[in-house]
Amino acid sequence: MGAPKQKWTAEEESALKAGVAKHGAGKWSTILRDPEFSTILKLRSNVDLKDKWRNINVASSGLGSRQRVRLAPRRNQLVSQPKDNSVDLTAVDSDMDIEPLAVSGGTLQNAGFKTKFQ
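Here's what I pulled together on the structure shown here. Given the structure is predicted, the values throughout are model-derived calculations rather than measurements.

Another aspect to go through is the pattern of salt bridges. In the structure shown here, the tally under the stated rule is six salt bridges. In this structure, the salt-bridge partner of Asp-34 is Lys-22, at a minimum N-O distance of 2.9 Å. Taken together, the residues span a long stretch of sequence, with Asp-34 in the loop between helix H2 (28–33) and helix H3 (35–38) and Lys-22 in helix H1 (residues 10–23) at a distance of twelve residues. Residue class for Asp-34 comes out buried when judged on its relative accessible area of 8%. You can call Lys-22 partly exposed: its relative accessible area is 48%. Asp-51 serves as the salt-bridge partner of Lys-50, at 2.9 Å between the closest nitrogen and oxygen. Since its relative accessible area comes to 37%, Lys-50 is described here as partly exposed. The class for Asp-51 is partly exposed, based on a relative accessible area of 24%. In this structure, a network of salt bridges that share partners links the residues Lys-22, Asp-34 and Glu-36.

Looking now at the nonpolar core. Within the largest apolar cluster, twelve residues are counted, these being Trp-8, Ala-15, Leu-16, Val-20, Trp-28, Ile-31, Leu-32, Phe-37, Leu-41, Leu-49, Trp-53 and Ile-56. Mapped onto this core, the elements with two or more residues apiece are H1, H2 and helix H4 (46–61). Every residue in contact with Trp-53, bar those within four places of it in the chain, is listed here: Leu-16, Lys-17, Val-20, Ala-25 and Trp-28.

Attention shifts here to the layout of surface pockets. Roughly 330 Å³ of internal volume is contained in the largest pocket. Together, twelve residues line the largest pocket, and Lys-5, Gln-6, Trp-8, Arg-44 and Asp-48 are the ones closest to its centre. Class assignment of the residues belonging to the lining of the largest pocket gives a composition of four nonpolar, two polar and six charged.

Criteria and cut-off values
Residues numbered from 1 in each chain as written. Predicted model: local features only at pLDDT ≥ 70, side-chain atom pairs only at ≥ 80, totals over all residues. Heavy atoms only, no water. Salt bridge = Lys/Arg side-chain N within 4 Å of Asp/Glu carboxyl O. Helix = DSSP H or I, 4+ residues; strand = E, 2+ residues; numbered from the N terminus. Buried < 20%, exposed > 50% of the residue type's maximum accessible area, 1.4 Å probe, protein only. Core = buried A, V, L, I, M, F, W, Y, C linked by side-chain atoms within 4.5 Å. Contact = heavy atoms within 4.5 Å. 1 Å grid on protein atoms, 1.4 Å probe; cavity = no way out; pocket = protein on both sides within 12 Å on 5 of 7 lines; lining within 4 Å. Points joined across faces, edges and corners; volume = space filled by probe spheres on them. Nonpolar A, V, L, I, M, F, W, Y, C, P; charged D, E, K, R; others polar.

Here you go:
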């Protein structure tokens with residue numbers, strides 16, 4: 001499907017880099033419409049520019065796509081919780097005055113914390 005791939009020339013790569021410097025990455029259609037670059041990049045689409053820019057950046061980082069994925073931070077990574085649901089209370093000041101919560105219709109149970117009630 002589509003036109004066969006054509007190898008990028010050094011002039012096209014230079015025009016792409018200059019276009020990104022002038023308009024910013026992601027502004028592919030703007031770069032293609034710019035008279036400074038339109039004659040050089042006339043055979044390229046905005047998708048061609050996006051793909052080539054991504055490949056230039058991968059080559060400059062020295063990492064392939066698999067290494068970049070492996071090094072990327074995970075967004076939805078769960079933080080491991082202790083299995084016994086214990087809570088670390090070492091940061092709690094033992095001289096703090098803790099006031100009980102108001103409880104209606106029931107009793108307040110002591111969870112084993114030392115408290116000072118006034």
